[in-house]
Amino acid sequence: MSKCLFCFSFSVLEARIHQLQSDVILDVQHAKVQFVTAQSSGREFLSGKGPKRKPQEKTDIPKSAPIVLKSKQKLSEDNTGKLRKQQIVSEKPTEKMKQKVQKKKLKEPLKKVLSEAGKKQRVTDESKELENIVKQRIIKKSKSKHCEGTVPEDIMLNIRCYMECCVFAGKIERAYRFLLMQHRTIARRKHLNTDIYNIMMKVWAKKGSLTKIGHLFVLLEELGLKPNVGSYSAVLECMGRSPDCSPEIVTRCLNQMEKNGVSVDDVFSQCVFQQDEGDMVLKAVRSVHNHQLRQNNSDNCQCCFVSIDLINTDLLDLLILQCLLRMNLAQNKDDRFSLYPYLCLLKDEEYVDVMIQTIAKMPMSGDALKFVAGELGQKIYSKYTVHQKQQNHITDKLVNIYNDYTELLAKDTKVYNDLPRERWCKLEMENIAGPTVQAGSTNWPYIITLELGTFLVNIMVKNLKINSDIINPSHTRQLIPILYHMYAFRSTRQIGFIKPHPILSHIQQEAMQIKLTFDSNVIPMLCPPVPWCSVKFGAYLLTPTKLMRAMEGATQHEKLLEKSQNIQPVLDSLNQLGNCPWKINKPVLDIIISIFNDRGCDKLDIPPPLSEAPKVTYSFDPTHTSADKVRLRKEMIEAKKKTTEMHSMRMDALYKLSIANHLRDEIFWFPHNMDFRGRTYPCPPYLNHLGSDVTRAILQFAEGKPLGPKGLDWLKIHLVNLTGLKKNSSLQGRLEYATTIMEDILDSADNPLHGGKWWMDVDEPWQALACCMEIANAVRSPDPTQFISHFPVHQDGSCNGLQHYAALGRDVIGATSVNLVPCELPQDVYSVVAQQVEELRALDAKKNVKIAKILEGFINRKVVKQTVMTVVYGVTRYGGRLQIAKRLKEIDVFPKEHVWSASNYLVHLVFSGLKEMFKGTRQIQDWLTESARFISKSGHTVEWMTPLGLPIIQPYHQTRSQVVSLLVRHVWMPDTVKQKNAFPPNFIHSLDSTHMMLTALHCYSADLTFVSVHDCFWTHALTVDTMNKVCREQFVALHSQPILQELSNFLLNKYCSISRATPWSVIYKVYDDKNRSSYLFFPSLFQVQTIIVIQYLHLSKILCNSYSVCVYATLYIIFMDLNGIDKSHHTLNMQLPNVHTI
């Protein structure tokens, strides 16, 4: 760096260097003493520099989003030495105290274990060695230097989002000053990484300021960070924009890149380019190539520009640069975090539109503040990403690629052998010039969207007002808020609540709304969705969409997805589901709308208007007794609850029918994503095929196919399935039954509202009506085999969860009851359980059990179905009791006063019957539950991998407070109860989704139209037989793999990281073939530092087809340091027997 750039005299410079050196030493010593731990939500970054704040400090943040800031302090040169000595002196006792605390923690478990074992023996050499290992880990953690990957990533993400928003809003100086302040504060440096500095490097690259980029390289060196691919990309871009940059400068940069292991190919393959960044980088690289062609012997070329080789900059230049940076910081005050940049991203009108839409959609009963604020913040983020793509010229390139993609996707073009994802990637490679299309925006942390939304809600509460006499002119006119911030209790928690004023609710109810406004991402797409090509790119063209849905604030799954290498089959299956075109069934829609406008119909699931709601008013009467007053209050509360429910259901139906009516002449698509278990869902929330009977009835395939020789038969069988009748009949028996009711079918199709109305008395009336119309049109056509049908035929699984459990355990009895074994008649496990419960009830009735007598004639398949279905998914007895109680309430003649006692009685019988029928299922559930309990107890969340390579992690955590150095920090720990209870159902859900994805991929290869509602598969009537064959083949292929063994191996490899040479004590519990347990203990291996528990699970009768004693066990050894420093798992080698499949 040229010294002529600075005009300091030598004496002044020398004095300033000494001052800077003392300042740096002071900061370093202070960093060693101060202990501030950030919360997982990133509150440390949002709170400023530290936990303390002086009373006289002021902030520039409104009260709705309070952010504590630490004022800047400038120590005088006289006090620097004194403070430095004080801190050095105070540091020594602190280190000694830490060592005493560590020794004390190591001695406490020692005494505890010795007392429990009743053994007073000296610590052996092995235990001392283990103690030394633990001490070294403590010292290593306490003295670890700043390195990427060890810093709370949510705080890094907060900083990155804040700087990106500043840059987007044109607040370049604010972003730069904020970065310098973070860099200057030693305690905050751990929150910085190279990517954060790269944000400013890109800004200076666009301005052609190579000198400022060089300054940032100096700062990176000061923190011990190394430039990465993005850093060198910014340098090359800056050189490409500079017209006077000589090829020698570019050559030096390329040489330095080569020394650091970065190639030009890495720049183009790993970097995300915006606007013309990639072109400028290519221009700089080509300038070197062209120069070498012209002059092959130009080694000693003079240059007058700043060198990028800043790694060897001398100390004097570094200190001078620090001096200039600190002088710059002292003159500016906009180096704090605030919401200001987030409020400059959009135009004021756009913020207002978002807030008005939120008020229009707010229910009368209000919504939780957390929900309203989160939704507002997310809408702002969505609009911001769209503007960002427009500003970076991504939309223009996206349009060009998408037009070419839709031409390839059209049916009238030639057949391509590659998948949609592969087609899109090829088109991207053909249009590689310009910005990167898959340049996804940085996801805002949940805390940012929440605080931004809270700020906007605060604006609405304080500023949106209405005249109080707008309804009743006799009242005194005054301005009153239309929204109120209040508190409500949910269980034992007090939460903030935003509720509209009754005047506003009344106006909205009475107003005749002509037009409803929806965001584009909540309605179906009018064009094919963008194929999922990566975990951050797919579905909608502009609106950002997450590949995997998750709970608020959960980010672990995103990190796992980014690390996944073989996730392409999952993406292709989502693309297959999303590429199915749909259209509206107009005749059925018109009938539904007519009933909706004519006061609805509860029997047909069409909610009535609020005019039909019960109206009960509480009137004071002196003659009322206390019991009368309680009864009236209860009736009033029930009436208000019923009114609120009716309004919610009415609005939900209005949204669905309005969207369907808007799309009645269109062809549309449903882009798909998935939850953390891998279960797929359409992105549009209102109208989709996962909805109720009403929404499914108005949807049909846009592409029609002829019925063929067996298509009409499948339509009739499907109709019988929708009625809920003939569950135990064969397919031929159902077909014969459909022939006998053909007159009712035709009458329902011709006169749905004025005929016999046969279709209204079945289980799924609207889908049955749509099927009747399709059958009528087919039989009246000249040739039914050539009739073009758009109707989707369903093939539903027989209690799919039990099917997977039976296949995992090779359980013949369970497999027979869920149709995994060929039988003459289809088996219905729900009817079997209902019959078994009825037999037990009859026995109790003979014993004069009162509730058994009351239940006579009320036990049927429908009462027990939901409980049987959800038992395998982890439903508890309390949950099953609620399910059965709900079914009993639906029976009009059942005495309501006995609902609770009857449901308690029935749930006991259902669970007992299932336990006898599916013994293998219960044992596998217990194994999964215990494994999850051990894992979560050791401080880990349960994680596994599906057979398709999709990583799954359970997002169940709880917050615990810990006091460290007089400071309270909140730590996210696994919720053991939720982790262990949810593991069995979530694991089965992941297998279920894997089977569906495999079926979708093979149906695509067979050119079948395929969509799914979890375990219910849809296709044309022509291709039902083919889909059934593919479905069965993929189920067999899935369970032909050693799924449980692979799961065990994954868990052992994941959670068994401790060395086998580490000493431990062994206590394990053994179950023999008669379910007798015993405990074995090896005192020779007993050590005082650790306890390991081994659980021995006996699965011989599940996994073997013989009744000989066969111990097939998975050993779980939990290695837990009692002082809480390290927690891990280990296993012992054991010879497993051969497992024979049935």
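Residues numbered from 1 in each chain as written. Predicted model: local features only at pLDDT ≥ 70, side-chain atom pairs only at ≥ 80, totals over all residues. Heavy atoms only, no water.

The name recorded for the protein in an unreviewed UniProt entry is DNA-directed RNA polymerase, from Dicentrarchus labrax. The annotation that UniProt attaches to the protein under Subcellular location (unreviewed entry) is "Mitochondrion". Looking at the protein in UniProt, the text filed under Sequence similarities (unreviewed entry) is "Belongs to the phage and mitochondrial RNA polymerase family." (UniProt positions renumbered as here; feature names shortened; annotations may be inferred.)

Any chance you could explain the overall build of the protein here in plain terms?
Scanning the protein from N- to C-terminus turns up 40 helices and 25 strands. The proportion of buried residues among the 1142 residues of the protein is 48%. Residue pairs at least 24 apart in sequence account for 71% of intrachain contacts in the protein once pairs closer than 6 positions are excluded. Total accessible area on the protein is roughly 57700 Å²; 53% of this is exposed by carbon and sulfur atoms. (Helix = DSSP H or I, 4+ residues; strand = E, 2+ residues; numbered from the N terminus. Buried < 20%, exposed > 50% of the residue type's maximum accessible area, 1.4 Å probe, protein only. Contact = heavy atoms within 4.5 Å. Areas by Shrake-Rupley, 256 points an atom, 1.4 Å probe, with all protein chains shown as cover.)

What's the story with the pattern of salt bridges in this structure? I'm lost.
Two side chains that carry opposite charge are able to pair once their charged atoms sit near each other. Going through the model one piece at a time under the given rule, you end up with 28 salt bridges. Here E943 ties to K1054 by a salt bridge, and the two come within 3.3 Å at their closest N and O atoms. With E943 in strand β15 (residues 943–945) and K1054 in helix α39 (residues 1043–1055), this residue pair connects regions lying 111 residues apart in the sequence. Judged by its relative accessible area of 9%, E943 falls in the buried class. Each of K206, E237, R241, D276 and E277 takes part in salt bridges that share partners, so that together they form one network. (Salt bridge = Lys/Arg side-chain N within 4 Å of Asp/Glu carboxyl O.)

How should I be thinking about the confidence of the model for the protein in this particular structure?
Low-pLDDT portions of the prediction should not be read for the details of their coordinates. Counting all residues, the mean pLDDT for the protein is 75, and 73% of those residues have values of 70 or more. Across residues 1–124, where pLDDT falls below 50, the model places 160 contacts with residues more than four positions away in sequence or in other chains. Low confidence marks residues 1058–1142, where pLDDT is under 50. Its contacts with residues over four positions away, or in another chain, come to 203 contacts. (pLDDT = per-residue confidence, 0-100.)

I tried to follow the pairing of strand β6 (residues 530–534) on my own but got confused; where do I start?
Side-chain positions along a regular strand alternate between the two faces of the sheet. Across the five residues that make up β6, a large majority, four, are buried. Summarising the sheet, β6 and strand β7 (residues 537–539) pair through two bridges and their orientation is antiparallel. Looking at β7, one finds that V530 is bridged to A539. Turn length for the β6-β7 hairpin, with the two strands adjacent in sequence and antiparallel, is two residues. (Pairing = 2+ DSSP bridges.)

In this structure, what is going on with the sheet that holds strand β4 (residues 483–490)? I would like to understand it.
The strands making up a sheet are joined through hydrogen bonds of the backbone, oriented either antiparallel or parallel. Taken together, three strands build an open sheet; the order of strands is β1-β5-β4 and the sheet is antiparallel. Whereas interior strands pair on both sides, the edge strands pair on one side only; in this sheet they are β1 (367–368) and β4. Across two bridges, β1 lies against strand β5 (residues 493–500) in antiparallel orientation. Across the sheet, the residue bridging to A368 is F497, located in β5.

What is the right way to read the UniProt feature "repeat: PPR" (unreviewed entry) in the protein from this model?
What UniProt calls "repeat: PPR" (unreviewed entry) maps, in this numbering, to residues 193–227. The span residues 193–227 is 80% helical and 0% strand by assignment, and the distance between its end C-alpha atoms comes to 10 Å.

Sorry if this is basic, but what is going on with the packing of aromatic side chains here?
For any pair of aromatic rings, the description consists of the separation of the ring centres together with the inter-plane angle of the planes. Within the structure shown, the criterion is met by 27 aromatic pairs. Grouping aromatic residues by their ring pairs yields a cluster made of Y162, F168, F178, Y342, Y381, Y384 and W444. Positioned above the aromatic ring of W204 is the side chain of K212, whose terminal nitrogen or guanidinium carbon lies 4.2 Å from the ring centre. Positioned over the ring face of F676 is R677, at 5.8 Å from the centre of the ring. (Phe/Tyr/Trp six-rings, centres within 6.5 Å; stacked < 30°, edge-to-face > 60°. Lys NZ or Arg CZ within 6 Å of the ring centre and 35° of its normal.)

Sorry, what's going on with the side chain of D992 here?
Relative to the helices and strands, D992 is located in helix α37 (residues 976–1005). A relative accessible area of 2% means that D992 is categorised as buried. Ignoring sequence-local partners within four residues, the contact set of D992 consists of R679, N800, H804, H1014 and D1015.

What exactly am I supposed to notice about the environment of I380 here?
Tracing the chain through its elements places I380 in helix α15 (residues 369–391). Here the alpha-carbon distance between I380 and L345, two residues 35 residues apart in the chain, equals 8.6 Å. When near neighbours in sequence (up to four residues on either side) are disregarded, I380 contacts L346, Y351, V354, W444, L452 and L456.

Before we go on, may I ask you to explain the sheet that holds strand β19 (residues 1011–1013) in this structure?
In spatial order, the strands read β14-β20-β19; together these three strands make up an open sheet with antiparallel pairing. Strands at the two margins of the open sheet, each flanked by one partner only, are β14 (793–796) and β19. Neighbour to neighbour, the strand axes of the sheet diverge by 25 degrees on average, direction disregarded. Of the pairings in the sheet, the one linking β14 to strand β20 (residues 1016–1019) comprises four bridges and is antiparallel in character. In the strand pairing of β20, Q795 is matched with F1017. (Axes fitted to C-alpha atoms, helices over the stretch in contact; angles between N-to-C directions.)

Honestly, the packing of helix α33 (residues 861–871) against helix α34 (residues 877–889) in this entry has me stumped. Any pointers?
In helix packing, the relevant descriptors are the interaxial angle and the interaxial distance, both defined with respect to the helix axes. Two elements in contact, α33 and α34, have axes separated by 8 Å at closest approach and are oriented at 155 degrees. Judged by the angle between their axes, α33 and α34 are roughly antiparallel. The element α33 and its partner α34 pack so that their crossing is right-handed. Along the contact surface, α33 presents K862, V863, Q866, T867 and T870, while α34 presents G880, Q883, I884, R887 and L888. Along the lines of polarity and charge, the residues of the contact of α33 with α34 split into three nonpolar, five polar and two charged. (Parallel < 35°, antiparallel > 145°, perpendicular 65-115°, else oblique. Left-handed = near helix turned anticlockwise from the far one by under 90°. Nonpolar A, V, L, I, M, F, W, Y, C, P; charged D, E, K, R; others polar.)

In this structure, what is going on with helix α17 (residues 420–430)? I would like to understand it.
Side chains that are three or four residues apart share a direction in an α-helix, a result of its 3.6 residues per turn. Of all the positions in α17, only P420, R421, R423, W424, L427 and E428 are classed as buried. For α17, the angular spread of the buried residues around the axis is 160 degrees, confining them to a single face. The exposed residues of α17 that point more than 90 degrees off its buried face are M429 and E430. Where α17 is buried, its residues touch α16 (394–409), β6, β7, α21 (568–578) and α37. (Arc of directions from axis to C-beta.)

Before we go on, may I ask you to explain the environment of K190 in this structure?
By the element assignment, K190 lies in the loop between α6 (172–184) and α7 (194–207). Overall, K190 belongs to the partly exposed group, its relative accessible area being 34%.

Please clarify how the pairing of β4 should be interpreted in this entry.
With eight bridges joining them, β4 and β5 adopt antiparallel strand pairing. Considered in β5, the bridge of M486 is made with F497. Taken together, β4 and the strand that follows it, β5, pair antiparallel across an intervening segment of two residues, in which S491 is found at a positive phi of about 60 degrees.

Whenever I open this one, the nonpolar core confuses me. Can you help?
Note on soluble globular proteins: their nonpolar side chains tend to be buried together. Membership of the largest hydrophobic core comes to 89 residues, with the highest contact counts inside it found for L547, V829, L888, F894, L906 and F987. Contacts of F894, omitting those with residues within four sequence positions, involve I854, L855, F858, L888, V899 and A902. The next biggest cluster of nonpolar side chains, apart from the first, holds 84 residues, and it includes F168, I359, M460 and I482. (Core = buried A, V, L, I, M, F, W, Y, C linked by side-chain atoms within 4.5 Å.)

What is the right way to look at unusual backbone geometry in this model?
Excluding glycine, residues mostly have negative phi values, and the peptide bonds linking residues are mostly trans. At H393, a position not held by glycine, the phi torsion is positive, near 60 degrees. Mapping H393 onto the fold places it in the loop between α15 and α16. The backbone of N848 sits at a positive phi, close to 65 degrees, despite the residue not being glycine.

Would you mind showing me how to read the environment of D926 here?
Following the sequence through the fold, D926 ends up in helix α36 (residues 919–937). Residues D926 and N981 lie 55 residues apart in sequence; the distance between their C-alpha atoms is 9.8 Å.

Any chance you could explain the packing of helix α8 (residues 210–223) against helix α9 (residues 229–241) here in plain terms?
Packing of α8 against α9 brings their axes to within 10 Å, and their N-to-C directions diverge by 165 degrees. Taken as axis vectors, α8 and α9 run roughly antiparallel relative to one another. Here α8 and α9 pass one another in a crossing that is left-handed. Residue-level inspection shows L210, I213, F217 and L220 of α8 in contact with α9, the latter providing S231, Y232, A234, V235, C238 and M239. Split into classes, the residues belonging to the contact of α8 with α9 amount to nine nonpolar, one polar and no charged.

What am I meant to see in a nonpolar patch on the surface here?
A contiguous nonpolar patch, built from Y878, L882 and W900 and spanning about 330 Å² of accessible area, is present on the exposed surface. Looking at the secondary structure, you find W900 in helix α35 (residues 899–917). For W900, a relative accessible area of 41% puts it in the partly exposed group. (Patch = residues over 30% accessible without salt bridge, like charges linked within 9 Å, V, L, I, M, F, W, Y side chains within 5 Å.)

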